Amino acid sequence: SAAALVGVLVMIAPAAWRSRAPVGVAAVLAVVTLLNGAIFGHLVRCGPTLPVFFLVAFAIGMKCDRRRAAAGLALCAAAAIAEGLYDPQIGAQGLVFVLPVLAGFFAVGRLVRARTRTAQALRQQSAELRRQREQTAQLAVLADRARVSADLEATLHAQLGDIAAAAAAGLDSLGSGAGTGDADPA
C-alpha cells in the first residue's frame, strides 16, 4: 500500500545523516524499524532497508570511537533483527546471513578508520621530518659560515702579524742604523 511505501521511505530516510551522526541514525533506524513492523506487520521491505543498515554500520565503524561504535553496531544489529522478524523474506533463519554481513560492513569501516588514521599520522610525520630537514640544512649553512669566518679571521690575524713583525723589524733597523744613514735594510 501507499502507506507502507511511505513507512519504508521514512524508515530509510535517516541514512542521509549517517556521516554526521551515525550512532543517532542507527538509533532512529532501530526505533523506526520496530515501529514500522508493529504498524505494518509482515511485509517485504528488506530490499531498501538492509543496504541502509549495512551502510550505516560501515559509517559507524569508520567515524566512531570504540565505545560509540559498539553502541552503534548494537543498534544496527537490533534494527536488522527487528527487520528479520517482521520481513517474511528474511525471517529468523535469514538473520544467520544478515548479521555476519552487517558485522563485515562494520569491520570494513573500522579498517578504513585505522588506515585513515595511519595515513594522517604518516603525513604529519613527513611534514615534521621535512621541517627538521630544512632546519638542519639552515644550521649546516650557519656552521659553514662560522667556520669560513673563523678561517678568514685566523688568516687575517696571521697576515697582520706578519706585517706588524716586518714593520717592527724595519723600525728596529732604522733605529739601529740611524747613525749610518743606511735605510736599505729598514
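Analysis parameters
- Residues numbered from 1 in each chain as written.
- Predicted model: local features only at pLDDT ≥ 70, side-chain atom pairs only at ≥ 80, totals over all residues.
- Heavy atoms only, no water.
- Helix = DSSP H or I, 4+ residues; strand = E, 2+ residues; numbered from the N terminus.
- Contact = heavy atoms within 4.5 Å.
- Areas by Shrake-Rupley, 256 points an atom, 1.4 Å probe, with all protein chains shown as cover.
- Buried < 20%, exposed > 50% of the residue type's maximum accessible area, 1.4 Å probe, protein only.
- Lys, Arg positive; Asp, Glu negative; His and termini not counted.
- Salt bridge = Lys/Arg side-chain N within 4 Å of Asp/Glu carboxyl O.
- Phe/Tyr/Trp six-rings, centres within 6.5 Å; stacked < 30°, edge-to-face > 60°.
- Expected span 1.5 Å × (residues − 1).
- Bend = angle between axes of the 7 residues up to and from the residue.
- pLDDT = per-residue confidence, 0-100.

## Some words on the overall build of the protein chain
Right, on to step 1. In terms of helices and strands, the protein chain carries five helices and zero strands.
Right, on to step 2. Ordered by position from N to C terminus, the α and β elements of the protein chain give α-α-α-α-α.
Right, on to step 3. Partitioning the contacts of the protein chain with sequence separation of at least 6, the portion at a separation of at least 24 is 73%.
Right, on to step 4. As presented, the protein chain carries roughly 11700 Å² of accessible surface, and 66% of it is formed by carbon and sulfur atoms.

## Examining the side chain of R113
Right, on to step 1. Within the secondary structure, R113 sits in helix α5 (residues 91-176).
Right, on to step 2. The side chain of R113 sits in the buried core without any salt bridge; D65 is the nearest counter-charge, 6.2 Å away.
Right, on to step 3. In this structure, R113 is in contact with G61, M62, K63, C64 and D65, ignoring residues within four places of it in sequence.

## With respect to the pattern of salt bridges
Right, on to step 1. Under the definition given, this model contains three salt bridges.
Right, on to step 2. Between E128 and R131 there is a salt bridge; the shortest N-O distance is 2.4 Å. Here E128 pairs with R131, and both are found in helix α5, just three residues apart, close to one helical turn.
Right, on to step 3. The class of E128 is partly exposed, set by a relative accessible area of 33%.
Right, on to step 4. One salt bridge connects R147 with D144, and the closest N-O pair in it is separated by 4.0 Å.

## Brief notes about the packing of aromatic side chains
Right, on to step 1. Evaluation of the coordinates by the stated rule reveals one aromatic pair.
Right, on to step 2. The interplanar angle of 0 degrees and the centroid separation of 5.0 Å between the aromatic rings of F54 and F105 together place this pair among those described as stacked. Taken together, the residues span a long stretch of sequence, with F54 in helix α3 (residues 46-63) and F105 in helix α5 at a distance of 51 residues.
Right, on to step 3. Here F54 falls in the buried class, since its relative accessible area comes to 12%.

## What to know about α5
Because an α-helix completes one turn every 3.6 residues, residues spaced three or four positions apart along the sequence face the same direction.
Right, on to step 1. Compared with an ideal rise of 1.5 Å per residue, which puts 86 residues at 128 Å, α5 spans 126 Å between its outermost C-alpha atoms and is within 8% of the ideal.
Right, on to step 2. Maximum bend of α5: about 30 degrees, positioned at F97, with proline P100 one to four residues after it.
Right, on to step 3. Among all positions of α5, only G91, G94, L95, V98, L102, F106, G109, R113 and G170 are buried.

## Here's the deal with the confidence of the model for the protein chain
Right, on to step 1. Per-residue confidence for the protein chain gives a mean pLDDT of 82, with 78% of residues at or over 70.
Right, on to step 2. When the elements of the protein chain are averaged for pLDDT, helix α1 (residues 2-12) gives the smallest value, 60, and α5 the largest, 91.

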